[in-house]
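# Examining the three-dimensional arrangement
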Amino acid sequence: MKISESVKIVIGCAAMMAGVSMAAAQTTATQMAVMHFTFRDSARGTVVRPDAILIDNKMIFNAIDEAGRMSVPVSPGDHQVLVKANGYDDLDSRQTAALDQAPINVIMLDPAEDPEELRPEKLGEGMPADGTLIVGYVTDETVGKPVAGAAVELLKQDVKTTTDERGYFKLPVSMPDGKPMPENLNGITFSTRDIKVSKPGYGFEERLNVLVESGTPRIYQFQLVRGGGGATVDETEGRNNLQSSLFGLRNVEPEDPASTYSLPMGAEVTTPTASDSATTSAEGTHTHTEGDGHTH
C-alpha cells in the first residue's frame, strides 16, 4: 500500500470519527428535559405571578400565563430554583428534571404578612363557646382564582355558609358531643365532622371525619374542578398513617379519632385536593414546594 493511500485512510477514519462525535454531541444537546411550574399563594391557594425566577442563577424570561403556569426546557438533573414575588417571601428550592417525565411543580409562596382574616385577633371571631371554627378558601383548581358563592356545609349538622369574593368562608362548629382530649388538663375536647364544598358549574369535594378540637380553628384550602365530578376523602386513614410513621404505632383504631391525634395544638392548615397529597392527572405528576424550600 502506498503511503499516500494510508494517509487518505487515516484522514478518512479521523473525519468519520469526528462526524460521529459531532452527531453524538448534537443528539446530547437536543435531549432537554422540561420543568413545569405552577405558582400559588400558600395561605389562600390563589394564583401568584412572580416578578423574577432564576434557575441556576440565570434569569428566566419564559411567559407565565394567567393561571400562574410556566414551562422551561432544562438539562436533565437537579436545578436550583429561586422565585421572587412582591409581597411574598423568596423561595429557594432544588428541583429535579428528567427526560422520562415532566412533573408539575406547584410552588407555594408564603405571603410576607398573613391575610387579615387569618390573623389571631380576627380568626377567633364568632367561635362558639363550646366548639371551634373551620375557615379557609375555595379556589378554581385550574386557574387558581377564588370561587365566590360556593356552598360550604357540615353534613348532618344543618350548618351552612357561602364563600365571599375572596373565596373565603368561616363555618362555626358547635361540639356538644365533644370528648376530653387524652392527656390534656385544660378541658379541651375533640370530635369529628364531615364537610362538603360545592357550586353549580363545578364539582364537589367532601372531607369525612375531619378532626376538630375546641378553641382551635382549622384552616382549609379547597380546590373545585370545573364541569362537575367530585371527590370524597376520609381523613381517618391519613391520621393513622401519620401517627404510625411518626411514632411507629401499629395499634391505632380508625374509629377513635383521639387515638390518632398527634399534631401540635394551634390553628392547623390543611390543603386538600381532589386526590389528596401528590397527585397524578392527565397533565402529569404534581409535586408541592412550600415556603420551607422542600418539595412535597
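Keep in mind that what you see is a predicted model, and the values were worked out from it rather than measured.

Pairing within the open sheet is antiparallel, and its 4 strands lie in the order β3-β2-β5-β6. Where the open sheet ends on each side, the last strands, each with one partner, are β3 (58-59) and β6 (91-97). Bridging between strand β2 (residues 52-55) and β3 involves 2 bridges; their strand directions are antiparallel. Note on β3: the bridge partner recorded for Leu54 is Met59.

Moving on to the pairing of β6. Of the two faces of β6, only one is covered, namely that formed by Leu91, Ser93, Gln95 and Ala97; the face formed by Asp92, Arg94 and Thr96 stays uncovered. Taken together, the 7 bridges between strand β5 (residues 77-84) and β6 define a ladder with antiparallel strand orientation. Looking at β6, one finds that Gln80 is bridged to Arg94. Count of turn residues in the β5/β6 antiparallel hairpin: 6 residues, of which Gly87 carries a positive phi of about 90°.

Right, let's get into the environment of Ala98. Secondary-structure assignment places Ala98 in the loop between β6 and β7 (104-109). Counting along the chain gives 22 residues from Ala98 to Pro76, while the straight-line C-alpha distance between them is 5.0 Å.

A few words now on the packing of aromatic side chains. Inspection of the entire model under this criterion finds 4 aromatic pairs. Geometrically, the ring pair formed by Phe37 and Phe39 is stacked, given 6.0 Å between the ring centres and 10° between the ring planes. By the burial criterion, Phe37 is buried, and Phe39 matches it. Look at Tyr220 and Phe222: their rings are 5.3 Å apart centre to centre, the planes differ by 10°, and that puts the pair in the stacked class. Assessed through its relative accessible area of 0%, Phe222 is described here as buried.

Among the nonpolar cores identified, the biggest contains 20 residues, and Phe37, Phe39, Met70, Val72, Ile107 and Leu109 are the most heavily contacted of them. Put simply, the parts of the chain that give this core at least two residues each are β1 (33-41), β2, β4 (69-74), β5, β6 and β7. The element contributing the most residues to this core is β1, with 4 residues. Discounting chain neighbours no more than four positions away, the residues touching Leu109 are Arg40, Asp41, Ser42, Val48, Val83, Ala85, Tyr88, Asp89 and Leu91. If you look at the next biggest cluster of nonpolar residues, it comprises 18 residues, including Val152, Leu154, Val210 and Tyr220.

The next subject is unusual backbone geometry. One non-glycine residue, Lys156, lies in the positive phi region at around 65°. Along the polypeptide, Lys156 turns up in the loop between β9 (151-154) and β10 (159-162). Residue Lys156 is classed as exposed on the basis of its relative accessible area, which comes to 75%. In the Ramachandran plot, Asn209 falls in the positive-phi region, its phi being about 55° despite a non-glycine side chain. Inspection of the secondary structure assignment puts Asn209 in strand β14 (residues 204-213). On the basis of relative accessibility, which here comes to 25%, the residue Asn209 falls in the partly exposed class.

Taken across its 10 residues, β14 has 7 buried, putting it largely inside the fold. If you look at the hairpin formed by strand β13 (residues 189-198) and β14, you'll find 5 residues sitting between the two strands, and Gly201 has a positive phi there, around 95°. With 5 bridges joining them, β14 and strand β16 (residues 230-234) adopt parallel strand pairing. Paired with Glu205 across the strands is Ala231, a residue of β16.

The next thing to look at is the confidence of the model for the protein. If pLDDT is low for a region, its predicted coordinates should not be looked at in detail. This prediction gives the protein a mean pLDDT of 80; 70% of its residues lie at or above 70. Predicted confidence is poor over residues 23-27, with pLDDT under 50, and the contacts of this stretch with residues over four places away or in other chains come to 0 contacts. With pLDDT under 50 throughout, residues 245-268 is counted as low confidence; its partners more than four residues away or in other chains account for 47 contacts.

On inspection of all chains with the given rule, the structure shows 12 salt bridges. Among the salt bridges present, the one from Asp41 reaches Arg44, with a minimum N-O distance of 2.6 Å. Accessibility expressed as a relative area gives 0% for Asp41, which makes it buried. Among the residues examined, Arg44 registers a relative accessible area of 25% and is labelled partly exposed. Across the salt bridge formed by Asp140 and Arg226, the nearest N and O atoms sit 2.4 Å from each other. You can see Asp140 sitting in strand β8 (residues 131-140) and its partner Arg226 sitting in the loop between β15 (218-224) and β16, a full 86 residues away along the chain. Bridged by salt links that share partners, the residues Glu117, Asp164 and Arg166 form one connected network.

Here the focus is the side chain of Glu206. Examined against the element boundaries, Glu206 turns out to sit in strand β14. Buried and unpaired, Glu206 has Lys196 as its nearest opposite-charge partner, separated by 4.3 Å. Sequence-distant contacts of Glu206, that is, excluding residues within four places in its chain, are made with Leu155, Ile195, Lys196, Ala231, Thr232 and Val233.

Reading the values: rules and limits
Residues numbered from 1 in each chain as written. Predicted model: local features only at pLDDT ≥ 70, side-chain atom pairs only at ≥ 80, totals over all residues. Heavy atoms only, no water. Pairing = 2+ DSSP bridges. Helix = DSSP H or I, 4+ residues; strand = E, 2+ residues; numbered from the N terminus. Buried < 20%, exposed > 50% of the residue type's maximum accessible area, 1.4 Å probe, protein only. Phe/Tyr/Trp six-rings, centres within 6.5 Å; stacked < 30°, edge-to-face > 60°. Core = buried A, V, L, I, M, F, W, Y, C linked by side-chain atoms within 4.5 Å. Contact = heavy atoms within 4.5 Å. pLDDT = per-residue confidence, 0-100. Salt bridge = Lys/Arg side-chain N within 4 Å of Asp/Glu carboxyl O. Lys, Arg positive; Asp, Glu negative; His and termini not counted.

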